[in-house]
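Here is what each chain is made of, one letter per residue.
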Amino acid sequence: MSIWADRILREFPADLSRFWIALDPDGLLLDETILLGLRERDFEVLPFEDSVSFRTEYEERYRSAWDVGQKGTAKALILQWRGADINSIPWDYIRAARQVSLSLADLFPNLNYGVVRKLDSEHHEGLFQAYQKHVTQLLGEAETKNFVLTHIFRLSPYLLNRPEDFWREALRLHYRGAGLPSLFADHVATVLRDSSLGSLPISELLASKPFMLRAIQESWARFVAKYGVEPDARGTDQEPVEGHAYDVPFDHPDVRVIIDTMFLEGALQPIEASVRPEHLPDWIQVGLIDDPQALAHLVSEGAKRNAASLPSEGASHRDWVEAARRLGELIYRFNELKAADADNLQGQLQSLQREADARLKDWVLQHFADLPSLPVAKAPVMVHHVPRYLAMRRGFGEDRIALLVFDGLALDQWAQIRDHLSTKLPDFSADEGGCFAWLPTLTSISRQALFSGLKPREFQGSMDSTAQESSLWTKFWQENGLRKPEVVFQKGLKRSDQLALLEDVLSKPTTKVAGLVVDMVDEIVHGAMLGKRGIAGQIREWCDTGFIEKLFLMLAQHGYHIYLTADHGNVDADGIGRLSQGVVSEMKGERVRAYRSEDLAASVPPDIDAFQFSGPGLPSDFLPVYANQRGAFVPRGNKIVAHGGMALEELVVPFVKIRMKKEEHATDSTSDRI
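Rules used throughout
- Residues numbered from 1 in each chain as written.
- Predicted model: local features only at pLDDT ≥ 70, side-chain atom pairs only at ≥ 80, totals over all residues.
- Heavy atoms only, no water.
- Helix = DSSP H or I, 4+ residues; strand = E, 2+ residues; numbered from the N terminus.
- Rg over C-alpha atoms; globule rule 2.2 N^0.38 Å.
- Areas by Shrake-Rupley, 256 points an atom, 1.4 Å probe, with all protein chains shown as cover.
- Lys, Arg positive; Asp, Glu negative; His and termini not counted.
- Charge placed at Lys NZ, Arg CZ, Asp CG, Glu CD.
- Phe/Tyr/Trp six-rings, centres within 6.5 Å; stacked < 30°, edge-to-face > 60°.
- Buried < 20%, exposed > 50% of the residue type's maximum accessible area, 1.4 Å probe, protein only.
- Contact = heavy atoms within 4.5 Å.
- Pairing = 2+ DSSP bridges.
- Axes fitted to C-alpha atoms, helices over the stretch in contact; angles between N-to-C directions.
- pLDDT = per-residue confidence, 0-100.
- Parallel < 35°, antiparallel > 145°, perpendicular 65-115°, else oblique.
- Left-handed = near helix turned anticlockwise from the far one by under 90°.
- Nonpolar A, V, L, I, M, F, W, Y, C, P; charged D, E, K, R; others polar.
- Expected span 1.5 Å × (residues − 1).
- Polar contact = N/O pair within 3.5 Å; in protein donor to acceptor, adjacent residues only side chain to side chain.

Some remarks on the overall build of the protein chain
Then, in step 1: When helices and strands are tallied, the protein chain shows 27 helices and 20 strands.
Then, in step 2: For the protein chain, whose C-alpha radius of gyration is 25 Å, the value lies close to the compact-globule estimate of 26 Å for 674 residues.
Then, in step 3: Its C-alpha atoms give the protein chain principal-axis dimensions of about 80 × 70 × 55 Å.
Then, in step 4: When the accessible surface of the protein chain is split by element, carbon and sulfur atoms take 48% of a total near 27400 Å².
Then, in step 5: Of note, the protein chain has its 75 positive side-chain charges centred 2 Å away from the centre of its 96 negative side-chain charges.

If you want it as structure tokens, here you go:
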């Protein structure tokens, strides 16, 4: 355990108390490393969000057992309180609990608190180590910013004297997934304002990965044009960021090596060239597609890079979201290959998927229990965080919000839809991120959690159905200050002829929030006969109907901020044997079965390759049994596309802010973190 984790954990000695109240205004306990350390001591952390839900969980899962001398769910419970007034907590809790106060101001007394609190929790450990070594006197605001930039982001604005220095550091930051928080990006921009780099939108380039990627994509098109490369229509449809591209020194060795990797891993898309001159430098080839073998080579090299960069057991949830994004881009490119090329590379892709799933399974067994408690201010970590995150966005001025839930949409299928939209809508861009579905990844569980903002055990009466989604969605927003007529829910959307009736509802001035289920992908998946490559062809045909762009344009026209996500993804699966258990299993999925007792769960025949994992947030009498790897409970030899399990493409789903106007590329304090 690190010295940072030890510093926090020493506040909670074992056997001192069963019930604690942690005054934690900066959310220090809601860090994956800290949560894991507490769980290893058999402590659980429960954020206090409202008295009713906390009391229900506290009484049922902890106090009732403690009162009769039993251990209960955990040895000790920590009520995590981020508010300013502890008197908002019920008095009987205050009287019964032992109190601890945690604050960044106390842990970093010689740094500016307003600066330090802008850092994500993943940086606290590194900052604490640097603080212990180097800080001996009080630092002001500017000095604290420079200290953080130097020791956390390995960047000094005073050393960015040349274009290649700036672009190298900016690309390095985003490639590592660590763009600067806006406060620090603005500081760098201020330092460089009077330099030769001052004409660049420095703050946006450093803070926003979507802005940076689109700028690089456009700049690459202009750069290769200098060598005589002429892109086809696909390469010219998308308009440049803010009306122009930038003079990026792609040919500098320090910049070139990062760009090369970003093309191979799918962060950047190669240009389809209709004209390619002779004697083009070899290093430019990775960013061009001009012959039938180029895409196949890109997929093969991308698979190697993905395999080498898979997260380890100690990785964060952010690492797994990024790994899922890279894999999704790779699968999308694979599905675009000609059949012969795909057949040649299928073994390499499947090997990567097996290794990713094995590592993810080990990580889920150890870390998944912490995900429901992680903070959502920057972006939702799990799908049930989405409504709360959107409520925060309304608080930041996004008065009208539309949440589009594409039922069953995997990240590779989102990449396909995104690229289609990029060719059809010049003003389209997307702030791309991801979040975790609930396990098991079934529609009735994960989608209901998504619309309700609740954990599955909090709607256990309807876990086998989606019939309550509309009322749960409305209830959430009523509890967050809206009236019932201001909330809309509609599902079954898939065709352009449905949009006129939908517009009648969404155009009403009273409508503030809309939850919309687009279920075409899920229908295609459940009828798939030719695997995910066949699904890609059907999605392409659906996109060509124009439904998606018409939906987005209609929502943008009526002033909606558009968010897109999914309840789960999907995978190619192989039959491992049918389970003929009659009514023994409570819920029957092709990748998962659920049982009401340990004895029933143990009734799965030993020759069926399956495993149990209950996970957090489920009712105590709901025990899922999962088909191992990419198996399915169908006859051996059968191949299907399915969901319900914990493969990477099922468990991590897109969470995307759709932008339809050029002026919306400007960053704010949270959108660049999605």
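Following the structure, the description resumes.
Topic: the packing of aromatic side chains
Then, in step 1: Going through the model one piece at a time under the given rule, you end up with 38 aromatic pairs.
Then, in step 2: A centroid spacing of 6.3 Å and a plane angle of 70 degrees characterise the contact between Tyr-58 and Trp-66, whose relative ring orientation is edge-to-face.
Then, in step 3: Its relative accessible area of 5% is what places Tyr-58 among the buried residues.
Then, in step 4: Of the residues examined, Trp-66 reaches a relative accessible area of 9% and is grouped as buried.
Then, in step 5: Ring geometry for Trp-363 against Phe-436: centres 5.8 Å apart, planes inclined by 20 degrees, an arrangement best described as stacked. Taken together, the positions of Trp-363 in helix 17 (residues 339–367) and Phe-436 in strand 9 (residues 429–436) put the pair 73 residues apart, joining distant regions of the chain.

Brief notes about the environment of Ala-449
Then, in step 1: Turning to its location among the elements, Ala-449 is positioned in helix 20 (residues 443–452).
Then, in step 2: For the pair formed by Ala-449 and Glu-125, sequence separation is 324 residues and the distance between their alpha carbons is 32 Å.
Then, in step 3: If we ignore the near neighbours within four places in the chain, the residues touching Ala-449 are Val-383, His-384, Trp-438, Leu-454 and Phe-459.

As for the sheet that holds strand 11 (residues 513–518)
Then, in step 1: If you trace the 6 strands from one edge of the open sheet to the other, you get 9-20-12-8-11-10, paired in mixed fashion. The sheet is open, and its two borders are formed by strand 9 and strand 10 (487–493), each paired with just one other strand. Pairs of neighbouring strands in the sheet enclose a mean axial angle of 20 degrees, with direction left out of account.
Then, in step 2: Two elements, strand 8 (residues 401–406) and strand 11, share 6 bridges in a ladder whose sense is parallel. When the bridges of strand 11 are listed, Ala-402 appears paired with Ala-514.

Remarks on the confidence of the model for the protein chain
Then, in step 1: Of the residues in the protein chain, 94% have a pLDDT of 70 or more, and the chain-wide mean is 90.
Then, in step 2: In the predicted structure, residues 234–242 sits below a pLDDT of 50 and forms 27 contacts with residues beyond four places in sequence or in another chain.
Then, in step 3: Here residues 662–673 is modelled with pLDDT under 50, and outside its nearest four sequence neighbours on either side it reaches 32 contacts, counting other chains as well.

Side note on the side chain of His-124
Then, in step 1: Checked against the element boundaries, His-124 lands in helix 7 (residues 124–134).
Then, in step 2: Since its relative accessible area comes to 4%, His-124 is described here as buried.
Then, in step 3: Among all residues touching His-124, those that are not within four sequence positions of it are Trp-4, Leu-28, Leu-104, Phe-108 and Leu-119.

Some points on the sheet that holds strand 7 (residues 288–289)
Then, in step 1: The strand order across the open sheet built from 3 strands is 5-6-7, with neighbouring strands paired in mixed fashion. Of all the strands in the sheet, the pair left with one neighbour each is strand 5 (230–231) and strand 7.
Then, in step 2: Here strand 5 pairs with strand 6 (residues 271–275) via 2 bridges, running antiparallel. Each bridged residue has a counterpart across the sheet, and for Pro-231 the counterpart in strand 6 is Ala-273.

Quick word on the packing of helix 19 (residues 411–424) against helix 25 (residues 547–557)
Then, in step 1: Contact pair helix 19 / helix 25: the axes reach a minimum separation of 10 Å and the direction vectors enclose 70 degrees. For the element pair helix 19 / helix 25, the angle class is roughly perpendicular. Viewed along their axes, helix 19 and helix 25 form a crossing whose handedness is right-handed. Contact residues: helix 19 offers Ile-417, His-420, Leu-421 and Lys-424, while helix 25 offers Ile-548, Glu-549 and Phe-552.
Then, in step 2: Its residues assigned to classes, the contact of helix 19 with helix 25 comprises 4 nonpolar, 1 polar and 2 charged.

What about helix 24 (residues 531–543)?
An α-helical segment advances 3.6 residues per turn. Residues three or four places apart therefore align on the same side.
Then, in step 1: Helix length check: helix 24, at 13 residues, gives a terminal C-alpha distance of 19 Å against a target of 18 Å (1.5 Å per residue), a fit within 8%.
Then, in step 2: Those residues of helix 24 that fall on the buried side of the exposure criterion are Gly-531, Lys-532, Ile-535, Ala-536, Gly-537, Ile-539, Trp-542 and Cys-543.

Notes on the pairing of strand 12 (residues 561–565)
Then, in step 1: With 4 of 5 residues buried, strand 12 lies mostly within the body of the structure.
Then, in step 2: Taken together, the 5 bridges between strand 8 and strand 12 define a ladder with parallel strand orientation. Counterpart to Leu-403 in the pairing with strand 12 is Tyr-563.
Then, in step 3: Pairing of strand 12 with strand 20 (residues 652–659), which is carried by 4 bridges, proceeds in the antiparallel orientation. Residue Ile-562 lies in a different strand from strand 20, and its bridge partner there is Ile-658.

Structural notes on unusual backbone geometry
Negative phi characterises most residues that are not glycine, and trans characterises most peptide bonds.
Then, in step 1: Note that the residue after Leu-439, namely Pro-440, is joined by a cis bond; omega there is -5 degrees.
Then, in step 2: By secondary structure assignment, the location of Pro-440 is in the loop between strand 9 and helix 20.
Then, in step 3: In this model, Asp-42 sits at a positive phi of 70 degrees, which is unusual for a non-glycine residue.
Then, in step 4: With respect to the helices, strands and loops of the structure, Asp-42 is situated in the loop between helix 2 (32–40) and strand 2 (43–47).
Then, in step 5: A residue is classified by how much of its surface remains accessible, and Asp-42, at 22% relative accessible area, is partly exposed.
Then, in step 6: The backbone phi angle of Arg-154 is positive, close to 50 degrees, even though this residue is not glycine.
Then, in step 7: Inspection of the secondary structure puts Arg-154 in the loop between helix 8 (141–151) and helix 9 (163–175).

Section: the side chain of Thr-565
Then, in step 1: Its location among the elements puts Thr-565 in strand 12.
Then, in step 2: Judged by relative accessible area, which is 0%, Thr-565 ranks as buried.
Then, in step 3: Polar contacts involving the side chain of Thr-565 include one to the main-chain carbonyl oxygen of Pro-654, which spans 2.7 Å.
Then, in step 4: When residues no more than four places from it in sequence are discounted, the contact partners of Thr-565 are Leu-403, Leu-404, Val-405, Phe-406, Cys-435, Leu-450, Val-653, Pro-654 and Phe-655.

Considerations on helix 20
Then, in step 1: Among the 10 residues that make up helix 20, 10 are buried, leaving the element largely enclosed by the rest of the structure.
Then, in step 2: Taken from the residues just after helix 20, Gly-453 is the one with a positive phi, measuring 75 degrees.

Considerations on the packing of helix 16 (residues 317–335) against helix 19
Then, in step 1: Between helix 16 and helix 19, the least distance of the axes is 7 Å, while the angle of their chain directions is 65 degrees. The angle between the axes of helix 16 and helix 19 places the two elements in the roughly perpendicular class. At the point where helix 16 passes helix 19, the crossing takes the right-handed sense. On helix 19, the residues that touch Ala-324, Arg-325, Gly-328, Glu-329, Ile-331, Tyr-332 and Asn-335 of helix 16 are Leu-411, Asp-412, Ala-415, Gln-416, Arg-418 and Asp-419.

Focus on the environment of Ala-437
Then, in step 1: Summarising the element assignment, Ala-437 is placed in the loop between strand 9 and helix 20.
Then, in step 2: Overall, the relative accessible area of 0% leaves Ala-437 in the buried class.
Then, in step 3: For the pair formed by Ala-437 and Glu-650, sequence separation is 213 residues and the distance between their alpha carbons is 7.8 Å.
Then, in step 4: Excluding residues within four positions of it along the chain, Ala-437 makes contact with Phe-368, Met-382, Val-383, Ser-446, Asp-567, His-568, Glu-650, Leu-651 and Val-653.

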